[in-house]
Amino acid sequence: MELVNLFFDKYILSPMEEMKIGSYTIFLFSVLLTLILLLPLFYLIIKVSFDFRIFFDFLFNFKILRLSINTLSLVALVVFFSIIISLPLAFLNTRSNLPYSKYLISLSVLPIALPSYVMATTQIQIWGPRGWVFKLINVFFDVDYIPSFYGLWGSTFVLSLITYPYLYIGLCAIFRRFDYEMIDASRTLGAGIYKTFIKVIFPMVKPTIAAGSLLIALYVLSDFGAVSLLRFTTFTTAIFNRMYTSISNYGVLEISLLTILFCFIILFLESHTRGNEKNFSSSNLKNTKQLDLGIWKWILLPLVLLPSLLGFFIPISVLIYWLIQGIINNNSFKDLFTATLNTVSISVIASLVITLLTIPILITIRKKIKYLSLIIEKSAYVGLSLPAIVVAMSLVFFTVNYFHIAYQTFFVLIVGYFISFLPASLGPIRTSMNQINPSLEEASLTLGKNKFQTFYKVIIKLSSPSFIYATILIFILCLKELPATLILSPIGFKTLSTSIWSSASEAFFMDTAAASLLLVIIAGIPTYIFMSRGLSKRVGD
Amino acid sequence: MTQDIEDKNQPILEIDEIFFSYSKNEKILSNLSLNVNKGEFISILGDSGAGKTSLLRVINGLEKIDEGYIRLEGQLLSSAFYHISPEKRSVGTIFQDFALFPHLNVKENIYFGLNKKDKYDETFVEHIINLLRVEKYLNRYVDELSGGQKQRVSLARSLVRKPKLLLMDEPFSNLDRGLRVEIRREIKMILKNIDTTVILITHDSEEALSLSDKIAFILRGEIIQYGTPFDIFYNPKNEIIAKSIRNSNILEGENSNGIIITEIGKFKSQSKFKDKSKVKINVSPNQLGIVRDKKQFTIIQKEFIEGDYLYIIENSDNKFIVRMNNSEEFFLNEKVGVVIKDSNVQILNIS
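Residues numbered from 1 in each chain as written. Chains lettered and ligands numbered in written order. Predicted model: local features only at pLDDT ≥ 70, side-chain atom pairs only at ≥ 80, totals over all residues. Heavy atoms only, no water.

Some remarks on the overall build of chain A
Thought 1: The number of helices and strands found in chain A is 25 helices and zero strands.
Thought 2: Counting every position in chain A, which comprises 541 residues, the buried fraction comes to 57%.
Thought 3: By sequence separation, contacts in chain A at least 24 residues apart represent 83% of the contacts at least 6 residues apart.
Thought 4: By element, 70% of the accessible surface of chain A is carried by carbon and sulfur atoms, the whole surface being about 24300 Å². (Helix = DSSP H or I, 4+ residues; strand = E, 2+ residues; numbered from the N terminus. Buried < 20%, exposed > 50% of the residue type's maximum accessible area, 1.4 Å probe, protein only. Contact = heavy atoms within 4.5 Å. Areas by Shrake-Rupley, 256 points an atom, 1.4 Å probe, with all protein chains shown as cover.)

Points about the confidence of the model for chain A
The predicted coordinates of low-pLDDT regions are not to be read in fine detail.
Thought 1: Of the residues in chain A, 83% have a pLDDT of 70 or more, and the chain-wide mean is 81.
Thought 2: Note on residues 277-286 of chain A: pLDDT under 50 across the span, and 15 contacts to partners over four residues away in sequence or across chains. (pLDDT = per-residue confidence, 0-100.)

With respect to helix 6 (residues 177-193) of chain B
Residue and element names in this part refer to chain B.
Thought 1: The end-to-end C-alpha distance of helix 6 is 25 Å, a good match for the 24 Å that 17 residues give at a rise of 1.5 Å each.
Thought 2: All of the buried residues in helix 6 are Arg180, Ile183, Arg184, Glu186, Ile187, Lys188, Ile190 and Leu191.
Thought 3: Packed against the buried residues of helix 6 are strand 3 (41-45), helix 4 (122-131), helix 5 (147-159), strand 7 (165-169), strand 8 (198-202) and helix 7 (205-211).
Thought 4: A positive backbone phi angle near 55° is found at Asp195, which sits one or two residues after helix 6. (Expected span 1.5 Å × (residues − 1).)

Some details on the sheet that holds strand 12 (residues 259-262) of chain B
Strands pair in a sheet through their backbones, by hydrogen bonds, and they do so in one of two ways: parallel or antiparallel.
All names here are of chain B.
Thought 1: If you walk around this closed barrel you meet the five strands as 11-12-13-20-14, and the pairing is mixed. The sheet shows a mean angle of 50° between the axes of neighbouring strands, taken without regard to direction.
Thought 2: Of the pairings in the sheet, the one linking strand 11 (residues 249-256) to strand 12 comprises three bridges and is antiparallel in character. Looking at the pairing, Glu254 lines up with Ile261 of strand 12. (Pairing = 2+ DSSP bridges. Axes fitted to C-alpha atoms, helices over the stretch in contact; angles between N-to-C directions.)

Points about the nonpolar core
General note: in soluble globular proteins, nonpolar side chains tend to be found buried as a group.
Thought 1: One finds Tyr168 and Phe418 of chain A to be the most contacted residues of the largest nonpolar core, which totals 172 residues.
Thought 2: Excluding its chain neighbours within four sequence positions, the residues that come into contact with Phe418 of chain A are Leu33, Ile36, Leu37, Ile354, Leu357 and Ile361 of chain A. (Core = buried A, V, L, I, M, F, W, Y, C linked by side-chain atoms within 4.5 Å.)

A word on the packing of helix 3 (residues 39-47) of chain A against helix 18 (residues 388-402) of chain A
All names here are of chain A.
Thought 1: Their axes nearest at 9 Å, the elements helix 3 and helix 18 cross at an angle of 75°. As judged from the angle between their axes, helix 3 and helix 18 are roughly perpendicular. Residues Leu39, Pro40, Phe42, Tyr43, Leu44, Ile46 and Lys47 of helix 3 lie in contact with helix 18, whose contacting residues are Val390, Val391, Met393, Ser394, Leu395, Phe397 and Phe398.
Thought 2: For the contact of helix 3 with helix 18, the residue count by class is twelve nonpolar, one polar and one charged. (Parallel < 35°, antiparallel > 145°, perpendicular 65-115°, else oblique. Nonpolar A, V, L, I, M, F, W, Y, C, P; charged D, E, K, R; others polar.)

Looking at the side chain of Gln123 of chain A
Residue and element names in this part refer to chain A.
Thought 1: The topology assignment puts Gln123 in helix 7 (residues 116-127).
Thought 2: Of the polar contacts made by the side chain of Gln123, one reaches the backbone oxygen of Leu310; its length is 2.9 Å.
Thought 3: Discounting residues that sit within four places of it in the chain, Gln123 has contacts with Gly128, Phe149, Phe157, Val158, Leu161, Leu310 and Pro315. (Polar contact = N/O pair within 3.5 Å; in protein donor to acceptor, adjacent residues only side chain to side chain.)

Some thoughts on a nonpolar patch on the surface
All names here are of chain A.
Thought 1: Together, Tyr100, Tyr103, Ile295, Trp296, Trp298 and Ile299 line one region of the surface with nonpolar side chains, adding up to about 780 Å² of accessible area.
Thought 2: Per-element tally for the nonpolar patch: the top contributor is helix 15 (residues 296-328), with three residues.
Thought 3: Secondary-structure assignment places Ile299 in helix 15. (Patch = residues over 30% accessible without salt bridge, like charges linked within 9 Å, V, L, I, M, F, W, Y side chains within 5 Å. Salt bridge = Lys/Arg side-chain N within 4 Å of Asp/Glu carboxyl O.)

And the structure:
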């Protein structure tokens, strides 16, 4: 660590200050990164038919309306259920005397490790027609029909289970640092539990809920695996179908633009509900007062276990069941080792690169340069909202036409991940940095450290837990990523997700069990270790 | 010896007619000037919102000024077109909440501002660590320290850099009352010991009076009086300073040849105003007494302070604060009269 500090001081921070070009270099670099982030948007603008009559005819027809309603109701429902699941879950796990809460905190994050297509296939096995639930009911009663799992409700169920941890993690961190005295104060001022929740607790967690909901909404907007397996038509499946089933790609660009429009509406809503980001944390970490649940703790315990059970352990059981079936059927696992190695190495490299690239962007955002900081910040979210397939298409277009040497290289693959996942690292790191007491930065300046040294030694060091968190989050997202990996990776480069997809899309679930299990385990271990325990304790403190 | 005295009187910090504002409509500091001599302990005293913290932030360079000049040891630090960044000024700052880095332990906090390549004076650092008695908890983290310990670590962190000037922003306000007086004395001694020039920001007049060599009273972004504690205490320039420095009775009266005739009697002033005019005078609670044989006033409040009773008495026109020692006790709501015990007063500037 000392060596790293010395290196930064001698070769990076001091020369940057001496040359007086540090700020400009960073500034220009982040503008370049922003342009890269906007590549998909440029692509759509270049390619869209500028015959406005056709454009509007297309937008204002019944099919598109139907598609919009589908997509929006899915986004709204998943966000709603994620809040409903994660708010009580985070509070009970962190601030009550619930038994085993030490383990429950981490267990509840695990569903994040499952790719949506694995979650969907396993849940179909359980809830679908002729699924396990159907068979279980038939043991006791003679039914020949259960409500269909396909469509809106199945997709909501699957996506809520995958996405609630994005909100849950942030809420855990907030509740851990929550000053319980504020609840006591509110109670002594005559406010009941309900009023205390509305007036005290909710306003404090509102920024976190807004940030988490944003991430979830954009995730749902761009998800492909779950909705396509659950046969629910949204923007993404429409784009995909049009790309692969029609020759003209008619409508792809229009729907993509519509997706971006929705993304901006969501961003707008988020920035208006977020309010002022303030540091509500109490500096006193010894404040660990807990809510005494009394006898209720035994009633609540199974409920608290439910999300991780449904979202992780049951899907894992299905995978293990399939694996055993596969072994019985003599499936071969020969490609698995290469695929695992490929997946892990590309994900590690990509997550490190993306987290590092967050730094110059954050410096520019924090500088609060009029409009520019705002543009950079908002454009980062375009990639997350766009179906990865559009991101991939745009990169193919630009590399083939203008930068052929990069076509189907790891470089382009990492650029694709960067466009898609940057906000996942930007959000938490920025929140964490905003929580740093401004006088610490000022103290460092008055102690003779220049702006860069202060940024490195105080801001980055203090928010380092959020850097770890961001790196792991991006690592997991890259592990699970499918469409961009399919399209952009070099020919013959097989990853776990692509091998799962090549079988899952043909409904050979059993063949994918081993790859799926490996993927979930690789993603699950860091999730369990870092994402909850160390993290919720340290982010922003 | 004379050399030494001359050196002492050379201002180390010169603030020359500075203006500062956050927005165009609102002047935070306006036409403010202040000179601080080497080794002096200066307090900036004023109510909240007077501009105290802004003054501190323009001195340490965290804010840029709109007009004027700030010089340290003759070197220009700030002007309208020139600004040396905070890290290049040899100005230390103690923050109100101490601003210790929570990710570093005490030792790392203290060494934060020292660079290996600059070859700092290790014996001096050890001297400071011993002087501030922080050597026992060098390996502890900040959240394991008490308020007083944090205060000393924060001071050590600034002092090891040998700042030419040390700024302290309400450094004692976060401490318990008992601890505050003790730490205050100790820190004053340490700072004198290493001959540091200090500017203390405070709203606590008692703190300013007890610690400072000089006090600058700041009001609405201007320094309206600058003098020794004795001067400020006994010759406050106007009503606002008089009232904020201590319990004061401000009376109006007719002045004729240094005799001021007021409603409750005659007072004398050393400064003999020739012309007959209306003046305001500052009468301390010690100069008044209360008696039972007259009944013009009612006692509305009674406080016991450092062995004496402080009574607040009022009638329909006036309200006075009277301090009584070694006397019989009076009671709340009792009807009393007021007498003058000491008639020597200071005439206030009418502003």
